[in-house]
Amino acid sequence: MDYYEVLGVAKTASQDEIKKAFHKLAHKYHPDKGGDEKKFKEINEAYQVLSNAEKRAQYDQYGRVFEGAGQNGGGDFNWAWQNQAQGGFDAEDLGDIFENFFSFGGGGRRASKKDIRKGKDIQVDIEIGLEETLKPLHKQVTLHKLITCSRCTGKGAEPNTKVHECFACRGTGQVQQVKRTILGSYTAFAVCPECKGEGTKPEKPCNVCTGEGRVKGNETIDFVIPAGIDNNQAIEIPEKGDAG
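In this text, all values refer to a predicted model and were calculated from it rather than measured experimentally. (Residues numbered from 1 in each chain as written. Predicted model: local features only at pLDDT ≥ 70, side-chain atom pairs only at ≥ 80, totals over all residues. Heavy atoms only, no water.)

### Remarks on the environment of Gln123
Assignment of secondary structure puts Gln123 in strand β2 (residues 122-124). In sequence terms Gln123 and Glu236 are 113 residues apart; their C-alpha atoms lie 9.3 Å from each other. (Helix = DSSP H or I, 4+ residues; strand = E, 2+ residues; numbered from the N terminus.)

### Quick notes on helix α3 (residues 37-50)
Taking 1.5 Å of rise per residue, 14 residues should cover 20 Å, and α3 covers 20 Å from first to last C-alpha, within 8% of that figure. Taken as a whole, α3 has its buried residues at Phe40, Ile43, Asn44, Ala46, Tyr47, Gln48, Val49 and Leu50. Close packing links the buried residues of α3 with α1 (3-7), α2 (15-29) and α4 (53-62). Capping of α3 at its N-terminal end is provided by Asp36; its side-chain oxygen lies 2.9 Å from the backbone amide nitrogen of Lys38. (Expected span 1.5 Å × (residues − 1). Buried < 20%, exposed > 50% of the residue type's maximum accessible area, 1.4 Å probe, protein only. Contact = heavy atoms within 4.5 Å. Polar contact = N/O pair within 3.5 Å; in protein donor to acceptor, adjacent residues only side chain to side chain.)

### Observations concerning the packing of α3 against α4
Two elements in contact, α3 and α4, have axes whose closest approach is 6 Å; the angle formed by their N-to-C orientations is 105 degrees. In terms of their interaxial angle, α3 and α4 are classed as roughly perpendicular. Touching Gln48, Val49 and Leu50 of α3 are Lys55, Arg56 and Tyr59, all from α4. A breakdown of the residues in the contact of α3 with α4 according to their chemical character gives three nonpolar, one polar and two charged. (Axes fitted to C-alpha atoms, helices over the stretch in contact; angles between N-to-C directions. Parallel < 35°, antiparallel > 145°, perpendicular 65-115°, else oblique. Nonpolar A, V, L, I, M, F, W, Y, C, P; charged D, E, K, R; others polar.)

Rendered as structure tokens:
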């Protein structure tokens, strides 16, 4: 997929031209307006990269190397020579209309509890010598990151205490918000501020993590860099990023 083709602009397009093309296509393919969700996602992905000067420069040089978004409950741990693109929009862009991607009322889907609980990815760059690429290379690294609380095993409650359904979201972990944008009003689903997306609240929060279910700690990760690995390649280690 060529991001420039997706937005219908030339590679020499200015930021203003890119933004105008994005707004036009977003309006046309918006799920709440009966648009194509798949096409809408492609437009969003292309704009994330091309609207950011640094990401656009990386894309122009290396191509579409922004793969590897985690599909597990925890974040992924990526090793790469270049920086991986991270999502996000400027607040001015459509009033944060895409902050909850595909979470719009009507045509969009609701964010699942798995989406809410996903931890952040962690990426670390590593350099190895040319001779080290000739055979599999065993590596070990210790990361200081968010890990599951050992006292409450991630539940956020003191052991042997009750956990109740959240009164604010009625156990869904989400609350509805009506937002206004230049495209009109829409309903988005946001993480419940009372239970932080859990859908439940502990009767007595864990003394160690204060109900968060995770704490800062160290984790040592063993992995293998395969023989013949090249520049720009990434090794994805599922569920070794921050705990969800």
